[in-house]
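# Descriptive structure summary
Below are the chains, spelled out letter by letter.
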Amino acid sequence: MNAVRRGGLGLLAWLTGIVFFLPIAWMALTSLHSEADAATNPPSFAASLTLDGYREFFGSGGGASPWPALVNSTVASVASTLCVLLLALPAAYALSIRPVRKWTDVLFFFLSTKMLPAVAGLLPIYLFAENAGMLDDIWLLVVLYTSMNLPIAVWMMQSFLAEVPVAVIEAARVDGAGLPVILSRVVAPIALPGIAATSLICFIFSWNELLFARVLTGVVAGTAPVFLTGFITSQGLFLAKVCAASLVVSLPVLAAGFAAQDKLVQGLSLGAVK
C-alpha cells in the first residue's frame, strides 16, 4: 500500500511539473516560428523553425538594443537585493534570536505594508520623484525595490534565524565577538540556505516588477520588462518576437533559480517543522 501511495504521489508530482513546464515550452516553440506561423489558430507544430524573433529582439532589424534595459534590470535587482539583506538580517536577528516585546505585532506590521495596492502609492511616489529630480533614475528603482521587498525578507528570515542555536551565539559572545561579527561569521553561515532563498525571491520580485518601472522610468533607466512591453503594438504581428523576448528576459531568473535550487529547497523548509 505504501508503494502504491508513493507511486501515486510521484506520478502526481510529475504531472504537476509538466503542467507548469508546458507554458514555457509553448513560449519557446512559438519564439522559433515565423510571425505568420505563430499567429495561426490552431498553431502549427510542423511549421518551419527560424531565429528571426531573436534577431529582431537583439536589434538586428534596426530596432533598439535590449542590452541597456537588461543592464538596468540587473543593477536594480542585484543592488536592491543586497540592500534588503543588509537591512533584513539584523532586523530578523532582533525579532528571533533576541526577540523584542510584542515581536509578533512587529512582524504583522511588516506584512501589513504589503497589503496596500501598489497603484495606490504610485501617484505620491511619482510626485516625490519629480520634485527630487529622480525620474528616469535607476537608483530610484533600487530604493523602491528595497522598500517593497524588505517586509517579506524580514518575515522569511525571522523564521530561518529562529533555527540558529542560541548556544553558538552565546559562545561567540563569551569569546568577545560583537554584533557585526556574530551576524557575519556565526549567524549568516548557519542560516545560509534561508538567506539564499530570501535573496532569490527578492531578486525575482525586483526583476519582474513592471508598474513602477513603467511609470517612473523613460529612456535612460528603463528595465527589461518595460523594454518587453514595447514589442506589443496595435498593428502587425508580434507574437513570435514577444515570445523570444520573454524567453530571453526570463533566462536570468531561471538560471538563478536552477543554480540555487538546493539552497532554495533547504531554505524554504527551514522553520516548517518545529
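The text that follows walks through the structure, step by step, so that each part is easy to find.

Thresholds applied
- Residues numbered from 1 in each chain as written.
- Predicted model: local features only at pLDDT ≥ 70, side-chain atom pairs only at ≥ 80, totals over all residues.
- Heavy atoms only, no water.
- Axes fitted to C-alpha atoms, helices over the stretch in contact; angles between N-to-C directions.
- Helix = DSSP H or I, 4+ residues; strand = E, 2+ residues; numbered from the N terminus.
- Parallel < 35°, antiparallel > 145°, perpendicular 65-115°, else oblique.
- Contact = heavy atoms within 4.5 Å.
- Nonpolar A, V, L, I, M, F, W, Y, C, P; charged D, E, K, R; others polar.
- Expected span 1.5 Å × (residues − 1).
- Bend = angle between axes of the 7 residues up to and from the residue.
- Buried < 20%, exposed > 50% of the residue type's maximum accessible area, 1.4 Å probe, protein only.
- Salt bridge = Lys/Arg side-chain N within 4 Å of Asp/Glu carboxyl O.

## Overview of the packing of helix α9 (residues 179–190) against helix α10 (residues 192–208)
Interaxial distance between α9 and α10 falls to 4 Å at its minimum, and their mutual angle equals 80°. The angle between α9 and α10 places the two elements in the roughly perpendicular class. Where α9 approaches α10, its residues Ala188, Pro189 and Ile190 are matched on the opposing element by Leu192, Pro193 and Ile195. Tallied by class, residues from the contact of α9 with α10 come to six nonpolar, no polar and no charged.

## Examining helix α13 (residues 239–259)
Between its terminal C-alpha atoms α13 stretches 30 Å, which fits the 30 Å expected from 21 residues at 1.5 Å a residue. A bend of about 40° at leucine 251 is the largest found in α13, and the proline proline 252 appears one to four places after it. Regarding α13, the residues found buried are Ala240, Lys241, Val242, Cys243, Ala244, Ala245, Ser246, Leu247, Val248, Val249 and Val253. In the core, the buried residues of α13 are packed alongside α1 (2–31), α2 (35–38), α3 (52–57), α10 and α12 (224–229).

## Focus: the pattern of salt bridges
Here the idea is simple: oppositely charged side chains can pair when their charged atoms come close. All chains considered together, the criterion is met by three salt bridges. The partner of glutamate 170 in a salt bridge is arginine 173, and the shortest N-O contact between them spans 3.1 Å. Within this pair, glutamate 170 and its partner arginine 173 are both found in helix α8 (residues 166–174), separated by three residues, close to a single helical turn. On the basis of relative accessible area, arginine 173 is assigned to the partly exposed category, the value being 29%.

## Some thoughts on the side chain of threonine 223
Tracing the sequence through the fold places threonine 223 in the loop between α11 (211–216) and α12. When residues no more than four places from it in sequence are discounted, the contact partners of threonine 223 are Ala69, Asn72, Ser73, Leu141, Glu209 and Ala213.

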